[in-house]
Structures are given as structure tokens and as C-alpha cells.
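Listed here are the chains, written in short residue letters.
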Amino acid sequence: MKIKVVVTLKNGVLDPQGKAIQQTLNNMGFPEVESVRQGKYFDLEINEKDEVKAKSRAEEMCKKLLANLVIEDFKIL
Amino acid sequence: MKSSVIIFPGSNCDRDMDVALKKFGFKNKMVWHNDGDLPQSDLIVLPGGFSYGDYLRCGSIAGKSKIINSVIDFAESGGLVLGVCNGFQILTETGLLPGVLQQNKNIEFICKNVFIKINDRENKYFNNIDKEILELHIAHNEGNYFCSNDELKKLEDNNQIAVSYCDNKGNCDYQANPNGAIKNIAGIFNKNKNILGMMPHPERMIDKYLSGDDGSLFFKNILNNLKR
């Protein structure tokens, strides 16, 4: 089954890329953009039919590799 | 004294490190990350570069490679492990050192000489170097050291902040901070101070006629400690 994972920076962690994107959007005529936080998205194709099991394995993968928990949070969609 | 430099796909400071170690008398071996066991060593070096193309996060893939388990065992038994630049990033990704190296605050790759202040002398890397400030070279995109406040307090309380960016007079202020690292941190130890991760490259400063000589002091000092 397919598992989708989103990794984002924790609140309070500086995101220079997000800041640069926000400023560019502001300069391009989108002054309403007040903040941009850039993240990562993963599509995992997992050989497991049980959704609960697959998600629990995906959580382990996030903690061990996909996210760095010092600065990042993850969500399994 | 024996050293080993571990090479990952994308390492590119491995040969400079080899030259530096040999110049000061180490019998160095180059070890491909997938070649099984670590040779018997007094010092293990994770060199700079772009292991695995910096995929996912800098150092994250190398930090899970096969040989890393042997490096962790070696480090936990008290062996000296030095990580320079990408090697520092790998050490944080393995959890041997706390924190993380984020993208530079100014979103630019920085390549220049910097001054660093030696903060601690109770270790085998800097103890008998007769200078307070060293001039070394940095070349990185992700050198902006970050850790939680709790972790930072522990680093400070245990004198684990090995070296900090400073100006040529030793002032560790905002202007001397090239990449936004908290507290101008350029390098840290683990609690036992046998593991050192640092962004500056001592191996690029081993010849006064080419670049500078302060890296020589660093390598000679490690060697002298190991010989004792």
C-alpha cells in the first residue's frame, strides 16, 4: 500500500529557504504571504496490506531516517 | 600511530586528510565504507565532502551506513573519532554528537579562511597547542550548528564547545559568525571528549607556503597525545 509522509521543520527552527521564498512571493505581487515553511514529501510503496502495520513501520522509518527529530516533525498521511 | 579515513561515495576531502595525517607521522589507511571491518586504529577520521550527494539531509545516509556501527563501537570504547565538515554532519546524524548542522543563515556556500578560538584544553585534540586562536579554512553550505536549549546548556556545562568562530583578536561576536551557528559554535565534543566534530578543515592548513600552518599544530598535538 501507499504511505505518504510529510516532514516539516519544527516551530521556532530557522528556515532560511522558506524566508527567501516568502520574500520572493512578496516581491512578485503576493504581499499577503506572511510566512513560508519549506518541507519534504515522501511517497512510500510498502509491501504490507494491513494499514495499521504499514503506518507503524512508516513511523519507525521517520524516526530513524526520514526526519531528524532535533529540528523536524513528521506526519503520516 | 595508526589512523583510518573512511570514504563514502561523494567524500572529497579524504585524500587531503590522508596527506595531512601521513605528513605528521600517522600510518594511515583509506577505508571504503562498504569494505567490512575497520582496521585497527588509534584515530578514525570522517572526512569532508558531500557523502551520497547530501541526499535527504547532509550526512544522513552515511550516518546509517554499514561501517558506522563499527565507528560507533570504536567511539564508545573511548577511541578518538574526528569528523571534519561533512564528517561533523555525519557524527550528528549518527547521534554520537548532539544537534544538527542546518543550512547557512545567508543561504550561501561559504568558502574562506576563518579564525577559531580554542575553548577547552582538557582533551587530546587541542590540549597543548600554544595558540589561543587558529586560522583554518571553511567550505560548506550546511554549517549552521543548532541544538535545543537543554542540549546547549549541557554542552556549555561540560565544556563540550571545542572551538568557536571569532575574529583575529578572539572576539566571538555576531560579525565573526560566518554561518549563523548558535553561540558561534564551530566544533563540539561528546561528553568524554574523544569524539570531535568541527566544520573548519585543519587538513587544508598544513603548509605555510601554500595556505597556512595552524592545521599542523592540530595534527601534531593529536599525535603527541597518542604517543604518550
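Read on for a plain summary of the structure. Because the structure is predicted, anything quoted here is derived from the model rather than measured.

## Comments concerning the overall build of chain A
So, point 1. Assigned secondary structure in chain A consists of two helices and three strands.
So, point 2. Mapped in sequence order, the helices and strands of chain A form the string β-α-β-α-β.
So, point 3. Scaling as 2.2 N^0.38, a compact globule of 77 residues should have a C-alpha radius of gyration of about 11 Å, whereas chain A reaches 16 Å, well beyond that.
So, point 4. Projecting the C-alpha coordinates of chain A onto the three principal axes gives extents of approximately 45 × 25 × 15 Å.
So, point 5. Looking at chain A as a whole, 27% of its 77 residues are labelled buried.
So, point 6. For chain A, contacts bridging at least 24 residues in sequence account for 65% of all contacts bridging at least 6.
So, point 7. As presented, chain A carries roughly 5,300 Å² of accessible surface, and 53% of it is formed by carbon and sulfur atoms.

## Details of the packing of aromatic side chains
Residue and element names in this part refer to chain B.
So, point 1. With the rule as written, the count across this model stands at seven aromatic pairs over all chains.
So, point 2. Between phenylalanine 24 and phenylalanine 219, the aromatic rings sit 6.0 Å apart at their centres with planes inclined by 10°, giving stacked as the arrangement. Note that phenylalanine 24 is positioned in the loop between helix H1 (14-23) and strand S2 (27-32) and phenylalanine 219 in helix H5 (residues 214-227), a separation of 195 residues in sequence. Judged on exposure class, the residue phenylalanine 24 and its partner phenylalanine 219 are both buried.

## Details of the sheet that holds strand S1 (residues 2-9) of chain A
Residues and elements named next belong to chain A.
So, point 1. Reading across from one edge, S2-S1-S3 is the order of the three strands in this open sheet, with antiparallel pairing throughout. The open sheet is flanked by strand S2 (39-45) and strand S3 (72-76), the only strands paired with a single partner. Put simply, the sheet's adjacent strands are angled 20° from each other on average, direction ignored.
So, point 2. Sheet analysis places S1 next to S2, joined by seven bridges and oriented antiparallel. In the strand pairing of S2, valine 7 is matched with lysine 40.
So, point 3. Packed onto the sheet, helix H2 (residues 51-66) meets S1, S2 and S3 and runs at close to 165° relative to S3.

## Examining the nonpolar core
If you look at soluble globular proteins, the nonpolar side chains tend to sit buried side by side.
So, point 1. Counting 66 residues, the largest nonpolar core has B:Leu43, B:Leu82, B:Tyr125, B:Phe126, B:Tyr145, B:Leu196 and B:Phe218 as its most contacted members.
So, point 2. At six residues, the largest contribution of residues to this core is made by helix H2 (residues 66-76) of chain B.
So, point 3. Sequence-distant contacts of B:Tyr145, that is, excluding residues within four places in its chain, are made with B:Phe88, B:Pro98, B:Gly99, B:Val100, B:Leu101, B:Leu155, B:Ala181, B:Ile182, B:Ile185 and B:Ile188.
So, point 4. In terms of nonpolar packing, the next biggest core, distinct from the first, is built from eleven residues, A:Ile3, A:Val5, A:Ala54 and A:Ala67 among them.

## Concerning the side chain of B:Asp120
All names here are of chain B.
So, point 1. Structurally, aspartate 120 is set in the loop between strand S6 (110-118) and strand S7 (133-140).
So, point 2. Among the polar contacts listed, one links the side chain of aspartate 120 to the side chain of asparagine 123, at a separation of 2.9 Å.
So, point 3. Leaving out residues up to four positions away in the same chain, aspartate 120 has contacts with Phe126, Asn159, Ala162, Phe189 and Lys193.

## Things to note about the sheet that holds strand S10 (residues 185-189) of chain B
All names here are of chain B.
So, point 1. Taken in spatial order, the nine strands make up an open sheet running S2-S1-S3-S4-S11-S10-S9-S6-S7, and their pairing is mixed. Edge strands, defined here as strands with exactly one partner in the open sheet, are S2 and S7. Averaged over neighbouring strand pairs, the angle between their axes works out to 25° when direction is ignored.
So, point 2. Inspection of the sheet shows strand S4 (residues 80-84) paired to strand S11 (residues 195-198) by four bridges, in the parallel sense.

Scoring rules and cut-offs
Residues numbered from 1 in each chain as written. Chains lettered and ligands numbered in written order. Predicted model: local features only at pLDDT ≥ 70, side-chain atom pairs only at ≥ 80, totals over all residues. Heavy atoms only, no water. Helix = DSSP H or I, 4+ residues; strand = E, 2+ residues; numbered from the N terminus. Rg over C-alpha atoms; globule rule 2.2 N^0.38 Å. Buried < 20%, exposed > 50% of the residue type's maximum accessible area, 1.4 Å probe, protein only. Contact = heavy atoms within 4.5 Å. Areas by Shrake-Rupley, 256 points an atom, 1.4 Å probe, with all protein chains shown as cover. Phe/Tyr/Trp six-rings, centres within 6.5 Å; stacked < 30°, edge-to-face > 60°. Pairing = 2+ DSSP bridges. Axes fitted to C-alpha atoms, helices over the stretch in contact; angles between N-to-C directions. Core = buried A, V, L, I, M, F, W, Y, C linked by side-chain atoms within 4.5 Å. Polar contact = N/O pair within 3.5 Å; in protein donor to acceptor, adjacent residues only side chain to side chain.

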